[in-house]
Each structure stands twice: as C-alpha cells, then as structure tokens.
Amino acid sequence: MTMYDYCLEQPKVLKDILANRAEYMEPFVQRFEQLRPDRIYLIASGSSLNAALAAQPFMEQVLGLEVQACASSCLPVVRGERPLLIFISQGGNSTNTVAAIQKMQQHAFIALTGVEKCRINDLFDHMLIHCGIETAGPKTKGYTSTVLTLCLMALEAARACELKTQAEYEEYVNGFQGALDALEGEIAQARAWYDRNEESLMKLKKCFVVGKHTGAQAARESGLKLQETVLIPMLSYEFEEYLHGPSLAIDAEMGGFYLMPEKSDPDYERMAALVKFHRNICPMVYAVGGGEDLNAPQDCPIGVDAPWYARVYSWCLPCQITGALLPDKMGIVEDLFDKLDEVLGIKYKKK
C-alpha cells in the first residue's frame, strides 16, 4: 500500500479507536489507577514525538497534572513522587527509544507501539495504538492514531478516577466524534485542494509551516511530512515565534502553510493578514482552515467546526496528501533513509 492509501484509511482507523476506547485504553487506565501519577513524561522520536507534543495540552487539561513530551535522545530529569513514563514508537523498532527505555526502566512506565511484533514489545510491557501496519516510511494514520490514543488514554483515566464528570467526558467524546465524522469529507476537500494547486506546489523550493497552540504542533508534523517526501527545506514555527525573526526570511521563493485557528481566536485576524502579506510576495502560500475571507484557490477550509483538541486531524491533511502524491509527479525517488539506516542503525533489525 502507498502513503496515500494510508491517508485514506484514517477515518476508519480513528473511528475504531474512538468506538473501542474503553477496551483499548484499559492497560493504561489500570496503570494510572494503581500509580495515581503526579507527573507524566511522553518520550518518543520523529512523528511519534510530534504526536506526543500534539496530545500534551489535552492530556494536561483532562488529567490536571503536568505532562512533558521529550525526545528519546534527550531524556528529562524525572521529577515528582509518582512519575509515569510513556514511551512511544509507532513501528516499535526505534533503536534510540529502546535505549531510552533500558536507561529509564527504574521508573514506572508503559510502552505504546503500533504493531504487536516489534523489538520494544519483545522486551517490555506495552499497549497498542491499534492503527494497523503502515509500511510507508512517512507516517500518516500512525501519527493521527497516536495523537488520538494518547488523548483517549488521558480521557478514560480521568473518567475512571473521577477527575472529570460524566457530562464533561461525554462533551469531549462528542467533540472527537464530530471531527472524525467530518474527516472523510475533509480528505476529499484536501485532495481537491491538492489537484487545484499541484502545479504551484511543484514550484516549492523552501517553505515555512506556521500554527498556533496545538496548530503549532500540527505544523511540526506537516513540515516533517513535506521534508521527508518532497525533500525541500521546511521549518515549522509557533505563530508568535515565527514573527520574531523567521518571518524576515520571506521572499519570492519562500512558500508557506498557515494552519489557522478558529475565528474566535484573538490572533485569527493577524494570521489572516500574514497569509495575505506573504502571498503578495510569494504565490505558493496556503491556508488550512480559516473563514470566508480566506477563499482563494490556495486555501483549504477544513476543520473549522472542530474543537481545538480535534483539529489536528484536519490540519495535517494537505501536507500529508501533498507528501503522498507530489513526489511521484516530480519523479522523486528517496532511498537515502535506507542508506543512513544501514550505516547508523536507526531501526532495529533481527540478526
């Protein structure tokens, strides 16, 4: 299967995770109830780390405790009386995540993987993301499934420990359900957006991806999807940080993707003005989300009705689909990762 096939699988996979949340999240809920952690650490690399960063604000909100996401190669100083570590690896064979678990296993932990047969599951206690196999290198359904799984782990634990009322719990579930019900139609919208803009996307030489709050974390993953497929320099920024220096690099060749917050956000008008400013300098500037004032052919108005914690699934679609389709159109063949892996041992392989 291709990367695009996995993009199309996302609505079905995510709806299954939501529908079976009580069963799928039970290993974490049991661990949480036993430990009652006072701090949670999410430890991962690549798209798994991006997923952890995207889920972190929601987990903190529903659990009422500090959640820190960090790279497997840059382990934190673990604080608190009852910390809980969650190691995340979609493929389950990341050598630096295996090394991180081995180094930190004196703490209470659980590993979260996307496949049953993998190196991490051979060695450690684990639970599954339930996204199914994804053989394409750049992850799509694995990323969104990891974000949703982490959020539902927190939500189910909050319900079990009575940290949220039943009404609050149901409101969150309904928010996820509404966003996922819209996802299939949004994939079609994102594909239509790609078809409209394929010619201009082929002209991209370098690009910024900018978002705010959770959108900033979706920008990290969106930029990664383009960088590892289209093979051009991509830099991702939180909106205000982007304004403090990086935006000065805008020129006639610097493209941009802007992941727009809801119109009620106090920075919506500023971001919309930035889109139009950037577009006056470079035509390869695209807005995801937004309102009626962002209705150019470059704009993809999806995710506008979803709550903040469920918009990440929409925000990433244009870059996922671009990364899935544009390389073939441009004749890009990428085999550098396999060569690097052979030299550096990025992924575990059975001897």
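Read on for an overview of the structure. As the structure is a computational prediction, the values presented were derived from the model and not from experiment.

What counts, and at which threshold
Residues numbered from 1 in each chain as written. Predicted model: local features only at pLDDT ≥ 70, side-chain atom pairs only at ≥ 80, totals over all residues. Heavy atoms only, no water. Helix = DSSP H or I, 4+ residues; strand = E, 2+ residues; numbered from the N terminus. Contact = heavy atoms within 4.5 Å. Axes fitted to C-alpha atoms, helices over the stretch in contact; angles between N-to-C directions. Parallel < 35°, antiparallel > 145°, perpendicular 65-115°, else oblique. Left-handed = near helix turned anticlockwise from the far one by under 90°. Nonpolar A, V, L, I, M, F, W, Y, C, P; charged D, E, K, R; others polar. Polar contact = N/O pair within 3.5 Å; in protein donor to acceptor, adjacent residues only side chain to side chain. Salt bridge = Lys/Arg side-chain N within 4 Å of Asp/Glu carboxyl O. Buried < 20%, exposed > 50% of the residue type's maximum accessible area, 1.4 Å probe, protein only. Pairing = 2+ DSSP bridges. Phe/Tyr/Trp six-rings, centres within 6.5 Å; stacked < 30°, edge-to-face > 60°. Lys NZ or Arg CZ within 6 Å of the ring centre and 35° of its normal.

Structural notes on the environment of Cys 151
Residue position: Cys 151 is located in helix α7 (residues 141–160). Sequence separation between Cys 151 and Ala 55 is 96 residues; the distance between their C-alpha atoms is 5.8 Å. Apart from residues lying up to four places away in sequence, Cys 151 is in contact with Ala 55, Phe 58 and Phe 176.

Section: the packing of helix α9 (residues 183–201) against helix α14 (residues 317–330)
Close contact between α9 and α14 brings their axes to 9 Å; oriented N to C, the two are set at 45 degrees. Judged by the angle between their axes, α9 and α14 are oblique. Our pair here, α9 against α14, has a crossing hand that is right-handed. Contacts from Leu 183, Glu 186, Ile 187, Ala 190, Arg 191, Trp 193, Tyr 194, Glu 198 and Leu 201 of α9 reach α14 at Leu 317, Pro 318, Ile 321, Thr 322, Leu 325, Leu 326 and Lys 329. Considering only residue class, the contact of α9 with α14 consists of 11 nonpolar, one polar and four charged.

With respect to the side chain of Arg 39
Positionally, Arg 39 belongs in strand β1 (residues 39–44). Of the polar contacts made by the side chain of Arg 39, one reaches the side chain of Glu 66; its length is 3.4 Å. Residues in contact with Arg 39, not counting those within four places in the same chain, are Leu 65, Glu 66, Arg 79, Gly 80, Arg 82, Pro 83 and Leu 84.

Some words on the environment of Gly 245
Within the fold, Gly 245 resides in the loop between α11 (239–243) and β8 (254–259). Taking the C-alpha atoms as reference points, Gly 245 and Ser 200, separated by 45 residues in sequence, lie 26 Å from one another.

Re the pattern of salt bridges
Applying the stated rule across the entire model yields 16 salt bridges. In this structure, Arg 39 engages Glu 66 in a salt bridge whose closest nitrogen and oxygen atoms are separated by 3.4 Å. Of this pair, Arg 39 sits in strand β1 while Glu 66 sits in strand β2 (residues 66–71), and the two are 27 residues apart along the sequence. Look at Glu 66 and you get partly exposed, because its relative accessible area is 37%. One salt-bridge network, in which partners are shared between bridges, spans Lys 212, Glu 240, Asp 265, Asp 267 and Arg 270.

Observations regarding the sheet that holds strand β4 (residues 108–113)
If you walk across this open sheet you meet the five strands as β2-β1-β3-β4-β5, and the pairing is parallel. Looking at the sheet topology across the chains shown, the edges are occupied by β2 and β5 (126–128). Strand-to-strand twist across the sheet, computed as the mean angle between neighbouring axes with direction ignored, equals 25 degrees. Pairing geometry for β1 and β2, over six bridges, is parallel. Opposite Tyr 41, over in β2, you have Gln 68 as the bridge partner. In the packing of helix α5 (residues 95–104) onto the sheet, the strands contacted are β1, β3 (83–89) and β4, and the crossing angle to β3 comes to about 160 degrees. Taken strand by strand, α7 contacts β1, β3, β4 and β5, and its axis lies near 160 degrees from that of β3.

Structural notes on the packing of helix α4 (residues 46–63) against α7
Two elements in contact, α4 and α7, have axes whose closest approach is 8 Å; the angle formed by their N-to-C orientations is 25 degrees. The angle between the axes of α4 and α7 places the two elements in the roughly parallel class. Crossing geometry of α4 relative to α7 is assigned as right-handed. The segment α4 lies against α7, with Ser 47, Asn 50, Ala 51, Ala 52, Ala 54, Ala 55, Phe 58, Met 59, Val 62 and Leu 63 engaging Tyr 143, Thr 146, Val 147, Leu 150, Cys 151, Ala 154, Leu 155, Ala 157 and Ala 158. Counted by class, the contact of α4 with α7 contains 16 nonpolar, three polar and no charged residues.

Quick notes on the sheet that holds β8
One open sheet holds the four strands; their spatial order is β7-β6-β8-β9, and the pairing between them is parallel. Each edge of the sheet is formed by a strand with only one pairing partner; in this case those strands are β7 (234–238) and β9 (285–288). Taken over all neighbouring pairs, the strand axes of this sheet differ in orientation by 15 degrees on average, direction set aside. Pairing of strand β6 (residues 206–211) with β8, which is carried by five bridges, proceeds in the parallel orientation. From the neighbouring strand, Val 210 faces β8, where its bridge partner is Tyr 258. Taken strand by strand, helix α10 (residues 214–227) contacts β6, β7 and β8, and its axis lies near 180 degrees from that of β7.

Some thoughts on the packing of aromatic side chains
Going through the model one piece at a time under the given rule, you end up with 16 aromatic pairs. Ring geometry for Tyr 242 and Tyr 258: centres 6.0 Å apart, planes at 70 degrees, overall edge-to-face. With Tyr 242 in helix α11 and Tyr 258 in strand β8, the pair connects residues that are 16 residues apart, well separated along the chain. Since its relative accessible area comes to 0%, Tyr 242 is described here as buried. Each ring, one from Phe 257 and one from Tyr 286, has its centre 4.9 Å from the other, and the planes form 35 degrees; the classification is tilted. One end of the pair, Phe 257, is in strand β8; the other, Tyr 286, is in strand β9, and 29 residues separate them in sequence. The residues Phe 257 and Tyr 286 share a single accessibility class, namely buried. An aromatic cluster is present here, built from Phe 58, Tyr 172, Phe 176, Trp 308 and Tyr 309 joined pairwise through their rings. Its guanidinium or amino end placed over the ring of Tyr 169, Arg 159 lies 4.1 Å from that ring's centre, counting from NZ or CZ.

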